[in-house]
Amino acid sequence: MLGERTLLYQLFLNLMGNAIKYRSTIQKPFVEISSENVGNSVFYYIKDNGIGMDLREGVNIFDIFKRLPNSQGYEGSGIGLSIVKRIIDRLNAEITVKSELQVGTTFCIEFKKE
């Protein structure tokens, strides 16, 4: 995988930082990081069992200053995921998210092999 080291570092730092920040208070918190090679892509997954997000239609978590209602009581300005999206775009990668309230969140980043 080719990419600017500083951008890659910031990308994973933001996603892992969020996984830790929004950790579960109900059960023992965990963060799982994995990867896989599939065809012409490399996928990275950052999965947690934190507070999760309600990803209803029309909600864009990558908008700057976007903080979801269940993030009250947690520090943050709402710029972390917008930075993630800008880095993803600059690296010509793709990002998807699956999440469920009080269950957790999984971010999937796809890098195309060149």
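## Examining the overall build of the chain
Secondary structure summary: the chain contains two helices and four strands in total. Its helices and strands taken in sequence order, the chain reads α-β-β-α-β-β from the N to the C terminus. Compactness check: the chain gives a C-alpha radius of gyration of 14 Å against a globular reference of 13 Å for 114 residues, within 12% of the reference. By principal-axis analysis of the C-alpha atoms, the chain measures approximately 40 × 30 × 30 Å. Looking at the chain residue by residue over its 114 residues, the buried ones come to 35%. Once local pairs closer than 6 in sequence are excluded, the contacts in the chain between residues at least 24 apart make up 58%. Accessible surface for the chain amounts to roughly 7,500 Å². Of this, 50% is attributable to carbon and sulfur atoms. Of the charged side chains in the chain, 14 are positive and 13 negative; the average position of the first set lies 4 Å away from that of the second.

## Some points on the environment of G80
Mapped onto the fold, G80 is located in helix α2 (residues 80-90). Separated by 66 residues in the primary sequence, G80 and N14 have C-alpha atoms spaced 6.1 Å apart.

## Here's the deal with the pattern of salt bridges
Between side chains of opposite charge, pairing is possible as soon as their charged atoms come close. Enumeration according to the criterion identifies four salt bridges in this entry. A salt bridge links D54 to R56; its shortest N-O distance comes to 3.5 Å. Here E110 and K112 are joined by a salt bridge, their closest N and O atoms 2.9 Å apart.

## Regarding the nonpolar core
Formed by 20 residues in total, the largest nonpolar core has its most connected members in L11, L15, V84, I95, F107, I109 and F111. Breaking this core down by element, the ones donating at least two residues are α1 (5-21), α2 and β4 (104-112). The element contributing the most residues to this core is α1, with six residues.

## Examining the pairing of strand β1 (residues 31-38)
Every regular strand shows the same layout, with side chains that alternate between the two sheet faces. Examined bridge by bridge, β1 and strand β2 (residues 41-48) share eight bridges and lie antiparallel to one another. Its bridge partner being in β2, N37 is matched across the sheet by V42. Once β1 ends, the chain turns through two residues before running back antiparallel as β2, passing G39 with a positive phi of about 60 degrees.

Criteria and thresholds
- Residues numbered from 1 in each chain as written.
- Predicted model: local features only at pLDDT ≥ 70, side-chain atom pairs only at ≥ 80, totals over all residues.
- Heavy atoms only, no water.
- Helix = DSSP H or I, 4+ residues; strand = E, 2+ residues; numbered from the N terminus.
- Rg over C-alpha atoms; globule rule 2.2 N^0.38 Å.
- Buried < 20%, exposed > 50% of the residue type's maximum accessible area, 1.4 Å probe, protein only.
- Contact = heavy atoms within 4.5 Å.
- Areas by Shrake-Rupley, 256 points an atom, 1.4 Å probe, with all protein chains shown as cover.
- Lys, Arg positive; Asp, Glu negative; His and termini not counted.
- Charge placed at Lys NZ, Arg CZ, Asp CG, Glu CD.
- Salt bridge = Lys/Arg side-chain N within 4 Å of Asp/Glu carboxyl O.
- Core = buried A, V, L, I, M, F, W, Y, C linked by side-chain atoms within 4.5 Å.
- Pairing = 2+ DSSP bridges.

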